[in-house]
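Coordinate analysis (summary)
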Amino acid sequence: MTHRVLVLFGGRSSEHAISCVSAGSVLQALDPHRFEVIPVGVTRAGAWVRFTGAATDLVIRDGVLPEVDPRGEPATLSLDPARHGVWFERPDGSREWHDIDVVFPVLHGPHGEDGTIQGLCEVAGLPYVGSGVLASAACMDKATTKRLLDAADIPAGDWHSFPAHEWPEQHTDVVQGLGWPLFVKPTRAGSSMGVSKVSDPEALHEAVQAAAAHDPHVIIEAGVPAAREIECGVLVGVDGVARASVCAEIKVKGAHEFYDFEAKYLDDSVELVVPADLSPELSDEVRRTALAAFRALGCAGLARVDFFIDESGQVILNEINTMPGFTSISMYPRMWQASGVTYPDLVGTLVEEALARG
């Protein structure tokens, strides 16, 4: 039986281009013998349009980021739970209907990864890949994530969050008490957008303003000296069982002080070590903690869980990404490749699990 998959990508967030790149890989990986793919792009302004280009168009070429062409045929999702599908408005004014069985929201950041699209799918009665409304929203909000991890006794480092408009009057003393360096971030954003590493008080104000450009709430985290950046993937099979991948390590090279946007996507300054060179005991601890966090936050389908390991060997959870980067060379697929799951099988499993979960 062929399942009809609406692949939704782009979006209104600052991660629009990365969503497009992820979607290009997903579109190429979905087996045409198992899945009929209906690609829909969301423009930067929020319009839904039919994507008629090639998956290979959705790549970064010579530093130029892809984006959804707003000239595509307008698309409208049916919100009737008894009739799953999407309409496309043709140039002659007619409407073309396509049935849908499941949605793969390859969307990163606000207006996609934060529970909003998930809520829309719930209203429409459509199965979808990934976590539900609550877990998506909680994991998108770094402060909420850390509060829930704290409640589950999972170490998440020292931090402080506040509305940007309250800076600096009510928060300077608390923030400086975290020590140096500090990492200043938008509370709800991804791909290291608006993130700054700050080593002295003079740079704090500018860093807070840079974060506030992406979200009105800011989180400031204490740096972890000599930390190793470790990641682990979680995948739920069609049987409903969550499993953890091998661990991987990110090693930032060159002039980058941390794993920022340019290091991630635009230059060759990062070494991705898969699997990470960890002792079996430490690797097992990371994997157990990833699964514990996945359960504590109520996640579903998949997640990439990011950690620091400090000089003493303590495992500190940094973030949980409910829709991680999905290019074929992104860390999440690479960890599963090293765990024995090919990229096409990974994508297929996610769709089949969403259908089984309903």
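Model, not experiment: these values are computed from the prediction. (Residues numbered from 1 in each chain as written. Predicted model: local features only at pLDDT ≥ 70, side-chain atom pairs only at ≥ 80, totals over all residues. Heavy atoms only, no water.)

Side note on the packing of helix α1 (residues 16–29) against helix α10 (residues 343–357)
Between two packed helices, the angle of one axis relative to the other and the distance separating the axes together describe the packing. Convention followed: Between N-to-C directions, angles cover 0 to 180 degrees, with each direction set by a line fitted to C-alpha atoms, over the stretch in contact for helices. Only runs of H or I of at least four residues qualify as helices and only runs of E of at least two qualify as strands under DSSP, and these elements are numbered from the N terminus. Each angle is binned into one of four classes, with values under 35 degrees roughly parallel, values over 145 roughly antiparallel, values of 65 to 115 roughly perpendicular, and all other values oblique. Contacts are assigned to residue pairs that have any heavy atoms within 4.5 Å of one another. Classes in brief: Ala, Val, Leu, Ile, Met, Phe, Trp, Tyr, Cys and Pro nonpolar; Asp, Glu, Lys and Arg charged; the others, Gly included, polar.
Viewed as axis vectors pointing N to C, α1 and α10 meet at an angle of 95°, and their least axial separation amounts to 9 Å. Overall, the two elements α1 and α10 adopt an arrangement that is roughly perpendicular. Side by side, α1 and α10 meet where S22, S25, V26 and A29 of the first sit next to Y343, P344 and V347 of the second. Considered class by class, the residues forming the contact of α1 with α10 number five nonpolar, two polar and no charged.

Quick word on the environment of I316
Rules: Exposure categories follow from relative accessible area, calculated using a 1.4 Å probe and restricted to protein chains: below 20% of the type maximum is buried, above 50% is exposed, and the middle band is partly exposed.
If you trace the backbone, I316 turns up in strand β16 (residues 315–321). The exposure class of I316 is buried, given its relative accessible area of 9%. Between the C-alpha atoms of I316 and V286, which are 30 residues apart in sequence, the distance is 9.0 Å.

As for the sheet that holds strand β1 (residues 3–10)
What counts here: DSSP-based pairing: two strands are paired if at least 2 bridges between them are found.
Taken in spatial order, the four strands of this open sheet run β3-β2-β1-β7, and their pairing is mixed. Sheet topology places β3 (48–50) and β7 (102–106) at the edges, where each strand pairs with a single neighbour. Put simply, the sheet's adjacent strands are angled 30° from each other on average, direction ignored. Across three bridges, the pairing between strand β2 (residues 35–42) and β3 is antiparallel. Of the residues in β3, the one forming a bridge with G41 is V49.

Looking at the sheet that holds strand β11 (residues 217–222)
Pairing is antiparallel in the open sheet, where four strands are placed in the order β8-β11-β9-β10. Strands at the two margins of the open sheet, each flanked by one partner only, are β8 (159–163) and β10 (196–198). Going from strand to strand, the sheet's axes swing by 20° on average, the running direction of each strand aside. Two elements, strand β9 (residues 182–186) and β10, share three bridges in a ladder whose sense is antiparallel. Within β10, the position partnered with F183 by the bridge is K197. Docked against the sheet, helix α4 (residues 142–151) engages β8, β9 and β11, running at close to 50° with respect to β11. Along the sheet face, helix α6 (residues 204–212) touches β8, β9, β10 and β11 and points at about 25° away from the line of β9.

Some remarks on the environment of S312
Cut-off, in case you're wondering: Any pair of N or O atoms that falls within 3.5 Å is considered a polar contact. Within protein, one atom must be able to donate a hydrogen and the other to accept it, and sequence-neighbouring residues count only if both atoms are side-chain atoms.
Inspection of the secondary structure puts S312 in the loop between β15 (302–309) and β16. A relative accessible area of 67% means that S312 is categorised as exposed. Distance in space between the C-alpha atoms of S312 and V7 is 43 Å, their sequence separation being 305 residues. A polar contact of 2.7 Å, which involves the side chain of S312, links it to the side chain of D310.

A few points about the pattern of salt bridges
As a working rule, side chains carrying opposite charge can pair if their charged atoms are close by. Going by this rule: Salt bridges are identified by distance alone: a Lys or Arg side-chain nitrogen within 4 Å of an Asp or Glu carboxyl oxygen.
Summed over the entire model, instances satisfying the criterion amount to 18 salt bridges. The partner of R4 in a salt bridge is D101, and the shortest N-O contact between them spans 2.8 Å. Within this pair, whereas R4 is found in strand β1, its partner D101 is found in the loop between β6 (95–99) and β7, the two being separated by 97 residues in sequence. Its relative accessible area of 24% is what places R4 among the partly exposed residues. A cluster of three or more residues bridged by salt bridges with shared partners is formed by R50, E73, R90 and E96.

Topic: the nonpolar core
In a soluble, globular protein the nonpolar side chains are often hidden away together inside. As a reminder of what qualifies: Each nonpolar core is a collection of buried residues, namely Ala, Val, Leu, Ile, Met, Phe, Trp, Tyr and Cys, held together in the definition by side-chain atoms within 4.5 Å.
In this structure, F104 and F326 are the most contacted members of the largest nonpolar core, which totals 31 residues. At the level of secondary structure, the elements contributing two or more residues to this core comprise β1, α1, β7, α9 (331–338) and α10. No other element matches the six residues that α10 contributes to this core. Sequence-distant contacts of F104, defined by excluding residues within four places in its chain, comprise V5, L6, V7, L8, V26, V129, M323, V347, L350 and V351. If you look at the next biggest cluster of nonpolar residues, it comprises 29 residues, including L149, V234, A276 and L278.

As for unusual backbone geometry
Geometrically, the link from W167 to P168 is a cis peptide bond, its omega value of 0° lying close to zero. Of the consecutive residues V274 and P275, the connecting peptide bond is found in the cis state with omega at 0°. You will see that H111, though not glycine, has its phi angle at about 65°, which is positive. Within the element layout of this structure, H111 appears in the loop between β7 and α2 (116–124). H111 sits in the partly exposed class, given a relative accessible area of 35%. Despite not being glycine, A226 has its phi angle at roughly 55°, a positive value.

Quick notes on the side chain of E319
When you line up the elements, E319 lands in strand β16. Judged by its relative accessible area of 17%, E319 falls in the buried class. If sequence neighbours within four positions are ignored, E319 has contacts with K142, K185, R304, V305 and D306.

A short note on the packing of aromatic side chains
Applied cut-off: In summary, the pairing rule links any two rings of Phe, Tyr or Trp, Trp by its six-membered ring, whose centres are within 6.5 Å, and it sorts them by plane angle into stacked for under 30 degrees, edge-to-face for over 60 and tilted for everything else. Think of it as a cone above the ring: NZ of Lys or CZ of Arg counts as a charge over the ring if it is within 6 Å of the ring centre and within 35 degrees of the ring normal.
For the coordinates displayed, the defined rule picks out six aromatic pairs. The interplanar angle of 50° and the centroid separation of 5.7 Å between the aromatic rings of F326 and Y332 together place this pair among those described as tilted. For the pair shown, F326 and Y332 are each scored as buried. In this structure an aromatic cluster arises from ring pairing among F104, F326, Y332 and Y343. Across the ring face of W97, the terminal group of R83 is positioned such that the distance to the ring centre comes to 4.0 Å.

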